[in-house]
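Descriptive analysis of the structure
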Amino acid sequence: MKKRKRIAILTGGGDCPGINAVIRAVTKKAIIEYDIEVIGVKDGYEGLIENRYRKLEYNDVSNILTLGGTILGTTKKANPYHYAIGKGDRLEFRDLSRVVIKNIKKLKLSSLVCIGGDGTLGIAYQLFKDEIPIVGVPKTIDNDLKGTDITFGFDSAVSIATEGIDRVHTTAESHHRIMIVEVMGHHSGWIALYSGVAGGADIILIPEIPYDINRIAEVIKRREKKGKRFSIVVVSEGARPKGGKVVIQRIVEESTDPVRLGGIGFALGEKIEEFTEFDTRTVVMGHLQRGGSPTPFDRVLATHLGTRAVDMIIKKEFGYMVGVKGNSLVKVPLKIVAQGPKKVPLIHPLIKSARSLGTCFGD
Ligand code: F6P
């Protein structure tokens, strides 16, 4: 009897809406069209180090399309090439990549599907160079992956952030206040730009455009003169003043990406109160942006990406991520994805459109 092909799926980095939709798409298509056996790796690369897996049958992935998070679990702490052992003063790093490669070989996989952001796919690229047949799927609410126009999770995050911005409008207007909404996005301003435009923010601050507090105060005062005794500011967690630094919330040394941003909203609030007469409040959207059910757009995108990943496995197109270019799915070398974050270009048409409506970017 011919042996069934076997693939494994791994989810790494921060969770985000739509991961389960990809797991479902890959698993269903692999089983229905090719009778491939599918294994789920638990908790990202940690599961490959510790041999923790579960079999994924058709029924295991049925009814998870709308479910947030990842049924496989994830972690940001298990880079096999730089694996943290111990904590604090006892923290040390070891290269466990040989263990992972041996474990993958034992599984006799025809491919490993890695669903992740730049950290997870960067590690996937290293594994590919170590001859592991990898296919990547772009996941992150931040939309900051090179080689793809969009990542799944982004639309869901933008929609939650926009709802937050919509909701602070009433307090801003009733109390004649400045309301600041701090959104995620890491070192890229995609979430702030899109949710800021969708929520009609008066001021949008993104990491790509360092801001000048004098300019922000000027815009707030000018609005007041026009009878608008409130303003809405959307600030990306990675934004910073001209000549200043990003606000770091904490360092997680054992993480694949140790710097956790956060807190710029409060720092900015104090400055706005100092530079204007306005009472200011800050709301941090935080992990609300990563939680809950994916939007219909993300469900569709995740399904599309997942099914395409299976096509790539069948064609033996390894070392690539499925990407989106315009209306088409394309294969993007993992090498490109591993090059670092995709920033918002300063000439992005949405920045131009927003500016033409009078939106200030702090410059
Ligand atoms: O990459 C997704 C993201 O939510 C970023 O926007 C944010 O900076 C970071 O992860 C937060 O990480 P954690 O969940 O580890 O606090």
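Look a little higher up for the structure.
Residues numbered from 1 in each chain as written. Predicted model: local features only at pLDDT ≥ 70, side-chain atom pairs only at ≥ 80, totals over all residues. Heavy atoms only, no water.

**What to know about unusual backbone geometry**
Let me state the cut-off plainly: Numbering of helices and strands runs from the N terminus; a helix is a DSSP stretch of H or I covering at least four residues, while a strand is a stretch of E covering at least two.
Of note, the phi angle at Asp43 is positive, near 55°, even though the residue is not glycine. In this fold, Asp43 is placed in the loop between strand S2 (37-41) and helix H2 (45-50). Backbone geometry places Asn143, a non-glycine residue, at a positive phi of 55°. Tracing the chain through its elements places Asn143 in the loop between strand S7 (134-138) and helix H5 (154-175).

**Notes on the sheet that holds strand S8 (residues 178-183)**
The condition that has to hold: Pairing between strands is defined by DSSP: at least two bridges between them are needed. Working convention: axes come from line fits to C-alpha atoms, limited for helices to the stretch in contact. Angles between N-to-C directions cover 0 to 180 degrees. Any two residues whose heavy atoms approach within 4.5 Å are treated as being in contact.
In space, the 4 strands of this open sheet follow the order S9-S10-S8-S13, with parallel pairing throughout. Here the strands that pair on one side only, and so sit at the sheet edges, are strand S9 (203-205) and strand S13 (280-284). The mean inter-strand angle of the sheet, taken between neighbouring strand axes irrespective of direction, is 15°. Two strands pair when backbone bridges link them, and S8 and strand S10 (residues 231-236) are joined in this way by 6 bridges, in the parallel orientation. What sits directly across from Ile180, in S10, is Val233. Strand contacts of helix H6 (residues 190-198): S8, S9 and S10, with the helix running at about 170° to S9, the strand carrying the most contacts. Against the sheet, helix H7 (residues 213-225) engages S8, S9 and S10, with an angle of about 165° to S9.

**A short note on the sheet that holds strand S3 (residues 53-56)**
Reading across from one edge, S3-S2-S1-S6-S7-S14-S15 is the order of the 7 strands in this open sheet, with mixed pairing throughout. Two strands close off the open sheet at either side, each with one partner strand: S3 and strand S15 (328-333). Mean inter-strand twist for the sheet, computed between neighbouring axes without regard to direction, equals 30°. Packed onto the sheet, helix H4 (residues 118-129) meets strand S1 (6-11), strand S6 (111-116), S7 and strand S14 (320-325) and runs at close to 165° relative to S7.

**Side note on the pattern of salt bridges**
Put simply, the test is: A pair is scored as a salt bridge if a Lys or Arg side-chain nitrogen falls within 4 Å of a carboxyl oxygen belonging to Asp or Glu. A 1.4 Å probe rolled over the protein chains alone gives each residue an accessible area, and that area as a share of the maximum for its type sets the label: buried under 20%, exposed over 50%, partly exposed in between.
Under the counting rule described, the total for this entry stands at 21 salt bridges. We note a salt bridge from Asp43 to Arg52, for which the minimum N-O separation is 3.0 Å. Here Asp43 falls in the partly exposed class, since its relative accessible area comes to 25%. Residue classification places Arg52 among the partly exposed residues on the basis of a relative accessible area of 27%. One salt bridge connects Arg54 with Asp60, and the closest N-O pair in it is separated by 4.0 Å. Owing to a relative accessible area of 29%, Asp60 belongs among the partly exposed residues under this scheme. Overlapping salt bridges, with partners in common, bring together Arg6, Glu37, Lys55 and Glu57 in one network.

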